[in-house]
Amino acid sequence: MKEKLEQIREAARTQLAEAQADLEAIRIRYLGKKGELTGVLRGMGQLSAEERPKIGQLANEVREYIENAIAEKAEAQRKDALENKLKNERLDVTMPGKAPEIGKRHPLAQIQKEMEDIFVGMGFGIVEGPEVEYDYYNFQALNIPENHPARDTQDTFYITDNILLRSQTSPVQVRTMEKQKPPIRIISPGRVYRSDAVDATHSPLFHQLEGLVVDKGITMGDLKGTLETFAKTMFGDQTQIRFRPHHFPFTEPSAEVDVSCFVCGGKGCKLCKGEGWIEILGAGMVHPNVLRGCGIDPEEYSGFAFGMGIERVTMIKYGIDDMRYLYENDIRFLNEF
Ligand code: DAH
């Protein structure tokens with residue numbers, strides 16, 4: 001029996017020496033109810049009274065040995081696992097990190113915001129109008145009846161015969177005057193559409209910023225002062241503006257407005273194509289027909305309006321010579337602003 005116990009101790013030792021030893025299986029094999037050591041203890045009854053305590057003591061020693069060895073092994077295995085985990089999951093905190101990309105406003109949106117800020121600073125409110133518009137607001141109410149030649153230059157995309165994608169932000173003038181009685185002082189930035197082929201200066205979708213002021217006693221002088229303040233704030237203090245007579249059906253008189261080239265100061269350079277001046281917008285005094293159509297008495301009130309291209313202002317300000325850059329979303333281009 002003594003030999004048997006020694007054998008058990010030795011077998012357990014060998015098994016526990018293995019790195020991956022299955023401790024629970026070993027425990028059951030030797031110490032479990034039907035385990036080998038338990039088997040030996042059960043047979044103790046057959047021993048002589050003199051042998052029994054010796055064997056009993058040895059059996060206890062073997063049991064204790066196996067129990068301790070299992071516990072030690074469990075601890076060793078736990079440490080090993082932890083060490084492995086630490087080794088495998090090690091983070092090299094000195095590796096260069098991946099900086100999260102922080103977005104920013106598109107150059108067009110930056111300039112739109114700048115323009116808005118300038119006019120808000122002068123007391124204008126910002127209103128929005130629909131991009132899908134009635135023919136009535138886009139043309140008729142702006143003194144452009146059916147078959148008027150001005151429609152040719154603003155051909156757009158039609159949804160039905162009388163619903164279209166607006167070709168200008170000017171319809172917001174009418175929508176505003178219908179809803180709100182003077183004094184009116186608003187700007188309205190937004191997308192407009194024309195059926196133009198894409199090239200360096202054309203796009204079927206672009207952006208305008210409309211302005212409208214209606215009150216008693218508004219004159220062309222107010223228009224000039226407002227636009228001059230805008231131009232100086234946008235392009236620099238030395239900037240001058242120039243009015244050239246023009247025709248728009250919804251203003252009378254009408255003008256195209258240029259700013260002095262802020263690169264050459266008027267001498268002529270690449271940006272202004274040798275002109276010294278750069279056209280930035282159309283403007284004029286609101287036509288009496290337009291006021292009347294909105295229920296505003298032109299004998300009592302007068303107003304001015306203007307509309308400018310946001311792309312145009314952006315391209316001038318940043319010296320961009322091809323409009324397509326603004327829509328291609330090439331991150332290398334956008335990151336320059
Ligand atoms: N809507 C015109 C265009 O797209 C620009 C314009 C001219 C707007 C004169 C105005 C204005 O408000 O008074 O060509």
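Presented here is a report on the structure given in the accompanying data block. This structure is a prediction, so every number in the text was calculated from the model and none was measured. (Residues numbered from 1 in each chain as written. Predicted model: local features only at pLDDT ≥ 70, side-chain atom pairs only at ≥ 80, totals over all residues. Heavy atoms only, no water.)

**What about a negative patch on the surface?**
Moving on, step 1. Negative charge collects at one region of the surface, where Asp152, Asp155, Asp196 and Asp199 lie side by side.
Moving on, step 2. Within the element layout of this structure, aspartate 155 appears in the loop between α6 (135–138) and β3 (158–160).
Moving on, step 3. The exposure class of aspartate 155 is partly exposed, given its relative accessible area of 41%. (Patch = residues over 30% accessible without salt bridge, like charges linked within 9 Å, V, L, I, M, F, W, Y side chains within 5 Å. Areas by Shrake-Rupley, 256 points an atom, 1.4 Å probe, with all protein chains shown as cover. Salt bridge = Lys/Arg side-chain N within 4 Å of Asp/Glu carboxyl O. Lys, Arg positive; Asp, Glu negative; His and termini not counted. Charge placed at Lys NZ, Arg CZ, Asp CG, Glu CD. Helix = DSSP H or I, 4+ residues; strand = E, 2+ residues; numbered from the N terminus. Buried < 20%, exposed > 50% of the residue type's maximum accessible area, 1.4 Å probe, protein only.)

**Things to note about the sheet that holds strand β8 (residues 251–260)**
The strands making up a sheet associate through hydrogen bonds between their backbones, and the pairing can be parallel or antiparallel.
Moving on, step 1. What the seven strands build is an open sheet, ordered β1-β5-β6-β10-β9-β8-β7; its pairing is mixed. On the outer flanks of this sheet lie β1 (125–126) and β7 (241–248), each paired with one strand and no other.
Moving on, step 2. Of the pairings in the sheet, the one linking β8 to strand β9 (residues 277–286) comprises eight bridges and is antiparallel in character. Each residue of the ladder has a partner; that of serine 260, found in β9, is tryptophan 277.
Moving on, step 3. Contacting β1, β5 (184–193), β6 (205–215) and β10 (302–309), helix α5 (residues 107–121) crosses the sheet at an angle of about 165° to β5. (Pairing = 2+ DSSP bridges. Contact = heavy atoms within 4.5 Å. Axes fitted to C-alpha atoms, helices over the stretch in contact; angles between N-to-C directions.)

**Here's the deal with the sheet that holds strand β4 (residues 163–165)**
Moving on, step 1. Read from one edge of the open sheet, three strands run β2-β4-β3, paired in antiparallel fashion. The sheet is open, and its two borders are formed by β2 (132–134) and β3, each paired with just one other strand. Sheet twist, expressed as the average angle between the axes of neighbouring strands with direction ignored, equals 30°.
Moving on, step 2. The pairing of β2 with β4 spans three bridges and is antiparallel. Pairing of glutamate 133 across the sheet is with leucine 164, part of β4.

**Examining the site of the ligand**
Moving on, step 1. What surrounds the ligand is a group of 16 residues, the closest being Gln168, Gln173, Arg194, Gln208 and Glu210.
Moving on, step 2. Here glutamine 168 contributes a side-chain N or O atom positioned 2.6 Å from a nitrogen atom of the ligand.
Moving on, step 3. Residue alanine 305 places a main-chain N or O atom 3.2 Å away from an oxygen atom belonging to the ligand.
Moving on, step 4. Burial of the ligand by the protein amounts to 92% of the accessible area it has alone, namely 350 Å². (Near = heavy atom within 4 Å. Polar contact = N/O pair within 3.5 Å; in protein donor to acceptor, adjacent residues only side chain to side chain.)

**Section: helix α2 (residues 23–31)**
Moving on, step 1. Residues of α2 that are buried include every one of Leu23, Ile26 and Tyr30, and no others. Along α2, the residues classed as buried sweep out an arc of 60° about the axis, all on the same side.
Moving on, step 2. Tucked into the core, α2 has its buried residues touching α1 (2–17), α3 (36–42) and α4 (51–88). (Arc of directions from axis to C-beta.)

**Comments concerning the environment of glycine 35**
Moving on, step 1. Note on placement: glycine 35 falls in the loop between α2 and α3.
Moving on, step 2. A relative accessible area of 4% means that glycine 35 is categorised as buried.

**Observations concerning the pattern of salt bridges**
Moving on, step 1. Summed over the entire model, instances satisfying the criterion amount to 17 salt bridges.
Moving on, step 2. Across the salt bridge formed by aspartate 330 and arginine 332, the nearest N and O atoms sit 2.6 Å from each other.
Moving on, step 3. Using a relative accessible area of 28% as the deciding quantity, one classes aspartate 330 as partly exposed.
Moving on, step 4. Ionic contacts of the salt-bridge type, sharing partners, join the residues Arg242, Arg244, Glu256 and Asp258 into one network.

**A word on unusual backbone geometry**
Moving on, step 1. Of note, the bond from proline 182 into proline 183 is cis; its omega dihedral lies within 30 degrees of zero at 5°.
Moving on, step 2. One can find proline 183 in the loop between α7 (171–179) and β5.
Moving on, step 3. The phi angle at asparagine 147 is positive, at roughly 70°, despite the residue not being glycine.
Moving on, step 4. Positioned with a positive phi, lysine 273 is a non-glycine residue whose angle comes to about 55°.
Moving on, step 5. Along the chain, lysine 273 turns up in the loop between β8 and β9.
Moving on, step 6. By relative accessible area, lysine 273 is classed as exposed at 71%.

**Remarks on the environment of glycine 32**
Moving on, step 1. Its location among the elements puts glycine 32 in the loop between α2 and α3.
Moving on, step 2. Among the residues examined, glycine 32 registers a relative accessible area of 10% and is labelled buried.
Moving on, step 3. Glycine 32 sits 188 residues away from methionine 220 along the chain, and the two C-alpha atoms are 106 Å apart.
Moving on, step 4. Once you skip the residues sitting within four places of it in the chain, glycine 32 turns out to touch Arg27 and Thr38.

Take it as geometry only, folks, not as evidence of what the structure does.
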